[in-house]
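Results of the structural survey
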Amino acid sequence: MPIVYQEESKQFYLHTDHTSYVMELYEDHLIHSYWGSRVNTIPNVEYFYPFSYGVSTSAHDIPGKLLNSTDKLHREYPTYGTGDLREPALQVENAAGDSITRLRYESHRIYPGKPQLPGLPATYGQDCETLEIALFDAFSGVRTVLFYTVFPQKDVLTRSARIENRGDKPFRLEKAASFCVDMHREGFEVIHLQGAWARERHIHRQAQSAGTMVFDSKRGVSSHNTNPFIALVSPETTEQYGDAYGFCLVYSGSFSAQVSGEQFGSTRVQMGIQPMGFSWELAPSESFQTPEAILVYSDCGLGEMSRRFHRIIRENVCRGKFRDTERPVLINNWEATYFRFNSEKILALAEKAKQIGVDLLVLDDGWFGKRNSDNCSLGDWIVDRNKLPEGLEGLCNKVNDLGMQFGLWFEPEMVSPDSELYRAHPDWCIHVEGRPRTEGRQQLVLDLTRPEVCRYIVDAVSSVLRSCPISYVKWDMNRNLTEMPRKGFAHEYVLGLYRVLEEITSSFPDVLFESCSGGGGRFDAGMLYYMPQTWTSDDTDAVERLYIQEGTGLVYPISSMGAHISAVPNHQTGRTTPVAFRGKVAMMGRFGLELDLGRLDQATLDALAAEIALYKTYQQDIHTGDLYRLLSPYKGKTAAYQIISQKRVLVFIMNISATPCQAPLRLKLQGLLPEGRYKELSTGEVYEGRTLMGAGIPLDARGEYCDFLKVFEIL
Ligand code: GLA
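As the structure is a computational prediction, the values presented were derived from the model and not from experiment. (Residues numbered from 1 in each chain as written. Predicted model: local features only at pLDDT ≥ 70, side-chain atom pairs only at ≥ 80, totals over all residues. Heavy atoms only, no water.)

Focus: helix H3 (residues 343-355)
What counts is decided by this rule: Helix and strand definitions follow DSSP, with helices as H or I runs of at least four residues and strands as E runs of at least two, each counted in order from the N terminus. Residue count minus one, scaled by 1.5 Å, sets the expected span of a helix. Relative accessibility thresholds used throughout: buried, under 20% of the residue-type maximum; exposed, over 50%; partly exposed, between the two (1.4 Å probe, protein chains only). This arc is taken over the directions from the axis of the helix to the C-beta atoms. Only heavy atoms enter the contact rule, under which two residues are in contact if any of them lie within 4.5 Å.
Compared with an ideal rise of 1.5 Å per residue, which puts 13 residues at 18 Å, H3 spans 18 Å between its outermost C-alpha atoms and is within 8% of the ideal. Within the sequence span of H3, burial applies to Ser343, Ile346, Leu347, Leu349, Ala350 and Ala353. Down the axis of H3, the buried side of the element spans an arc of 160°, and every buried residue falls inside it. Across H3 from its buried face, at more than 90 degrees, point the exposed residues Glu344 and Gln355. Packed against the buried residues of H3 are strand S21 (330-332), helix H2 (334-337), strand S22 (360-363) and helix H4 (391-401). Gly357 sits one or two positions beyond H3 and adopts a positive phi of about 105°.

This is the structure:
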């Protein structure tokens, strides 16, 4: 039984194969008592406080107890207004205007599996057990149900909360975190993924500061700038050793993650919907469900933390037939042609692509309305016959005749002021009556809180998808939300988006969907629930991609990251790297191409064909295997990654800059069976696992942009 309630000690034990999370009822408070490596028992909370401590400023709202103030206690879902005056997880404005909530334990239940979260993406599966704990404030009618689901074999815990109004007056939710954990120590280092357009999810690791550290997005999307993921690690934690606590929100909108050092030496960490601009009225008998968070603890470093995230996201967040099947190698025409294309150009690209082994051609932006630049036509999802005289159907059929599948770009959440849609429905975009409408990339965002707008989007996209055999959709979203007309709107928008995505993706189960937001501006587990891959970044430079992909891979699996070989000199950075180097970097993701094949000589085409063939040989290993980061580009000039699948061990090595007069490096492999036998493919030599992990393999890392792929069969 992964979840156990011990009546005698009033403790809840949530066990996975290697971890335990323990809570206790202290009086009627739900207290956090332990989260770490697997234990059988934990003493009751007072054992950990052999002396009484405190300050006179703390209000004693638990009179007569050793721990007499909620200011000292580590409550699972802290509220504000009695003893605990720290940052609460839940903030309510009661009908009387005050913000006081005092949640008492009411009841709990444990059951197999887990419920779906209404209207929200979340982990799913049978291999799990759920605990619901209800807490109630009889004075205000605020009831909170905390959800804990344990995936024992995956070493993962998920949390969310449902807030209910059980009173007879309405109240307003001002903040409802998805979870809160009061950790019993301070002095962590905090890892977070920061960036910008074309520089998404760079890894930042910094010492926990006194006070509160905030990592958030107020942009209406999870954003290029801050990803909804943080990790708390010990200063000594490395890839293979030490404590790592990871937190990832399954949500695509504005969010906030906070890490607060508290006066008695604990650390409060919480994450949820961005409270700024949020307010949600709950009338009597109404309820509000927060997004879910995935919590992972690893006592063997960041590498294992990432692998646990990868497995749960790959197998229990991503859905649909493409979760497990091979996906096509695609070529996208964006960097090949931008807006300057016609059917001949696209067909010529498809023909060449077919010759080198590509399976699917994606027609990107510019196929609809009169869109020859990014200043018009979003919303008018009607083919431009000037560019494609035989329509999409004609082009699609010709691409299919070449033996290739056809895919299409959309940006369905948007409208251009210069569009038929905007002229017909100027009120359909997000706006405040009378205020100027701020444009971004010369476009406005459609108001997805309005049912008729969502209906239009579903119908418009569906009718194109029904018009010809389209096998793939790139779903783009190129700007942030402004002029939001009311508090709570950003969340309403996300709920509208999720309804649209659910309807479209379930109506077209055979279409592979890839999400995108000006590159990786909405790379989160929420989007991955609907679409199993995301375009990682508009920066296609192979060296830049090493940093972006390693940061992304801290939490998201390789199988979710779109990665393409593009042209040199690279369009974003001007850098020139060899095909093989670009190929290996793209193989550390969902491999594709994005360049004009017509401009390449035969030798380059042959080199591309070789990379495609190599990827096809190993793609199942790459996308189902376990990732080990051996050398990080953040720490040196060489990046090395190892993947262990059921049959093979693959080692990818990419060298960024040249060093003269250097002896071979010895690259130690990880995660092998010490007694296991591994046959290196190119030489046929067989090595013991302990040899490869102890002595390593020699590595020639002298040359600029050189790459290696070493393959070992597991005997
Ligand atoms: C965004 C995407 C690109 C491309 C363009 C088209 O920037 O990230 O890949 O689709 O839009 O306008």
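Let's pick the thread back up.
Quick word on the pattern of salt bridges
Heads up, the condition is: Should a side-chain nitrogen of Lys or Arg be within 4 Å of a carboxyl oxygen of Asp or Glu, the pair is scored as a salt bridge.
For the coordinates displayed, the defined rule picks out 57 salt bridges. Arg162 serves as the salt-bridge partner of Glu164, at 2.9 Å between the closest nitrogen and oxygen. By relative accessible area, which is 7% here, Glu164 ends up buried. Linking Arg690 and Glu688 is a salt bridge whose minimum nitrogen-to-oxygen distance equals 3.6 Å. On the basis of relative accessibility, which here comes to 40%, the residue Arg690 falls in the partly exposed class.

A look at the pairing of strand S38 (residues 707-714)
Regular strands have side chains that alternate between both faces of the sheet. Here is the rule: Two strands qualify as a pair provided that DSSP identifies no fewer than 2 bridges between them.
Taken together, the seven bridges between strand S33 (residues 648-655) and S38 define a ladder with antiparallel strand orientation. Its bridge partner being in S38, Val651 is matched across the sheet by Lys710. When strand S35 (residues 677-680) meets S38, the two strands line up antiparallel, connected through three bridges. From the neighbouring strand, Lys679 faces S38, where its bridge partner is Glu713.

With respect to the site of the ligand
Rule in force here: Throughout, near means a residue has at least one heavy atom within 4 Å of the molecule or strand. Two N or O atoms form a polar contact when they lie within 3.5 Å of each other; inside protein one atom must be a possible hydrogen donor and the other a possible acceptor, and for residues adjacent in sequence the pair counts only when both atoms belong to side chains. Here the open area of atoms and residues is found with the Shrake-Rupley method and a 1.4 Å probe, where only the protein chains shown may cover a residue.
Within the structure, the ligand sits among 13 residues, and Asp364, Asp365, Lys474, Gly519 and Asp538 are positioned closest to it. Between Gly519 and the ligand, the recorded distance is 2.8 Å, taken from a backbone N or O atom to an oxygen atom. Protein contact buries 96% of the 300 Å² of open area that the ligand shows by itself.

A few points about the pairing of strand S17 (residues 267-273)
Within S17, seven of the seven residues are buried, which leaves it mostly tucked inside the rest of the structure. Two strands pair when backbone bridges link them, and strand S10 (residues 171-183) and S17 are joined in this way by six bridges, in the antiparallel orientation. Residue Val181 lies in a different strand from S17, and its bridge partner there is Val269. Sheet topology places strand S16 (residues 255-261) next to S17; seven bridges connect them, and they run antiparallel. Across the sheet, Phe255 pairs through a bridge with Ile273, a residue of S17. Counting the residues between successive antiparallel strands, the hairpin from S16 to S17 contains five residues, one of them, Gly265, with a positive phi of roughly 90°.

A few points about the environment of Met477
One can find Met477 in the loop between strand S26 (470-475) and helix H7 (489-507). Taking the relative accessible area as the measure of exposure, Met477 reaches 0% and is therefore buried. When the C-alpha atoms of Met477 and Phe410 are compared, they prove to be 8.7 Å apart, with 67 residues separating the residues in sequence. Beyond its immediate stretch of four places on either side in the chain, Met477 contacts Val221, Glu411, Glu413, Met414, Tyr493, Cys516, Ser517, Gly518 and Arg522.

Some remarks on the state of the cysteines
Note the threshold: Two cysteine sulfur atoms make up a disulfide if the distance between them is within 2.5 Å.
A full pass over the atoms with the stated rule returns zero disulfides. Left without a disulfide partner, Cys180 is nearest to the cysteine sulfur of Cys248, which lies 18 Å away.

Considering the sheet that holds strand S31 (residues 626-631)
Spelled out, the test is: What counts as an axis is a line fitted to C-alpha atoms, over the stretch in contact for a helix, and the angles between N-to-C directions run from 0 to 180 degrees.
Judged by pairing direction, the sheet is antiparallel, and its six strands sit side by side in the order S31-S32-S33-S38-S35-S36 without closing on themselves. Of all strands in the sheet, those with a lone pairing partner are S31 and strand S36 (686-688), marking the two edges. Neighbour to neighbour, the strand axes of the sheet diverge by 25° on average, direction disregarded. The strands touched by helix H10 (residues 579-587) are S33 and S38; relative to S33, the strand with the most contacts, the crossing angle is about 130°. Sheet contacts for helix H11 (residues 602-624): S31, strand S32 (638-644), S33 and S38; angle to S33, the most-contacted strand, approximately 105°.

Quick look at the packing of H10 against H11
The description of two helices packed together rests on the angle between their axes and the distance between the axes. Note the following rule: We call two directions roughly parallel when the angle between them is under 35 degrees, roughly antiparallel when it is over 145, roughly perpendicular when it lies between 65 and 115, and oblique otherwise. What makes a crossing left-handed is the near helix being turned counterclockwise from the far one by less than a right angle; a clockwise turn instead makes it right-handed.
Relative to each other, H10 and H11 sit at 25°, their axes nearing to 10 Å. Overall, the two elements H10 and H11 adopt an arrangement that is roughly parallel. Crossing angle aside, the handedness with which H10 passes H11 is right-handed. Here Val579, Ala580, Gly583, Lys584 and Met587 of H10 lie close against H11, whose contacting residues are Thr604, Ala607, Leu608, Glu611, Leu614, Tyr615 and Ile622.

A short note on the nonpolar core
We count it as follows: Residues belong to one nonpolar core when they are buried, are Ala, Val, Leu, Ile, Met, Phe, Trp, Tyr or Cys, and are joined through side-chain atoms within 4.5 Å.
Counting residues in each nonpolar core, the largest one holds 189 residues, and the members touching the most others are Phe247, Trp367 and Leu593. Here this core takes nine residues from H7, the largest share from any one element. Every residue in contact with Trp367, bar those within four places of it in the chain, is listed here: Phe341, Trp381, Ile382, Val383, Asp384, Leu388, Leu392, Leu408, Trp409, Phe410 and Val464. Counting residues in hydrophobic clusters, the runner-up holds 15 residues, among them Ile644, Leu667, Tyr678 and Leu692.

Regarding the domain arrangement of the chain
Stated formally: Domain delimitation in this document rests on an assignment produced automatically or drawn from a domain database. For any pair of parts, buried area is found by adding up, for both, the accessible area (1.4 Å probe) each one loses once the two are put together.
Each domain of the chain was delimited in the assignment, giving domain 1 (3-316), domain 2 (330-624) and domain 3 (638-714). Look at where the C-alpha atoms of domain 1 and domain 2 centre, and you get two points 35 Å apart. Taken together, the two surfaces of domain 1 and domain 2 that pack against each other cover about 3500 Å², and 59% of this comes from carbon and sulfur. It is Arg201, Ser252 and Arg314 in domain 1 that bury the most area against domain 2; as a group they hold 16% of the surface buried on that side.

Considerations on helix H6 (residues 451-467)
If you check H6, its first and last C-alpha atoms are 24 Å apart, about what 17 residues at 1.5 Å a residue would give, namely 24 Å. Every buried residue of H6 is listed here: Val453, Cys454, Ile457, Val458, Ala460, Val461, Ser462, Val464 and Leu465. Against the buried residues of H6 lie H4, strand S23 (405-410), S26, H7 and strand S27 (512-515).

A short note on the sheet that holds S22
An order of S21-S22-S23-S26-S27-S28-S29-S30 is seen for the eight strands of this closed barrel, with the pairing classed as parallel. Direction aside, neighbouring strands of the sheet carry axes that sit 30° apart on average. One ladder, built from two bridges, connects strand S28 (residues 533-535) with strand S29 (residues 561-566); its direction is parallel. Bridge pairing in S29 places Trp535 opposite Gly562. Packed onto the sheet, helix H9 (residues 542-552) meets S28 and S29 and runs at close to 170° relative to S29. Across the sheet, H11 touches S29 and strand S30 (590-594), and the angle it forms with S30 is around 155°.

Things to note about the environment of Gln240
Examined against the element boundaries, Gln240 turns out to sit in the loop between strand S14 (226-233) and strand S15 (244-250). For Gln240, a relative accessible area of 36% puts it in the partly exposed group. Expressed as a C-alpha distance, the spacing of Gln240 and Glu304, which sit 64 residues apart in the sequence, is 7.3 Å. With near-sequence residues (within four places) excluded, Gln240 lies in contact with Cys300, Gly301 and Gln670.

Topic: the packing of aromatic side chains
Definition in use: Only the six-membered ring of Trp is used, alongside the rings of Phe and Tyr, when aromatic pairs are assigned; centres must lie within 6.5 Å, and planes under 30 degrees apart are stacked while those over 60 apart are edge-to-face, with the rest tilted. Two conditions define a charge located above a ring, namely a distance within 6 Å from the ring centre to NZ of Lys or CZ of Arg, and an angle within 35 degrees of the ring normal.
If you walk through the whole model with that rule in mind, you get 31 aromatic pairs. Measuring from ring centre to ring centre gives 5.8 Å for Phe229 and Phe309, while their planes differ by 85°; the resulting arrangement is edge-to-face. With Phe229 in strand S14 and Phe309 in helix H1 (residues 301-316), this pair connects stretches of sequence that are 80 residues apart. Take Phe229 and Phe309: they sit in the same class, and that class is buried. Over the ring of Tyr628 we find Arg307, and its NZ or CZ is 3.7 Å from the ring centre. Arg545 extends its terminal NZ or CZ atom over the ring of Trp535, reaching a point 4.7 Å from the ring centre.

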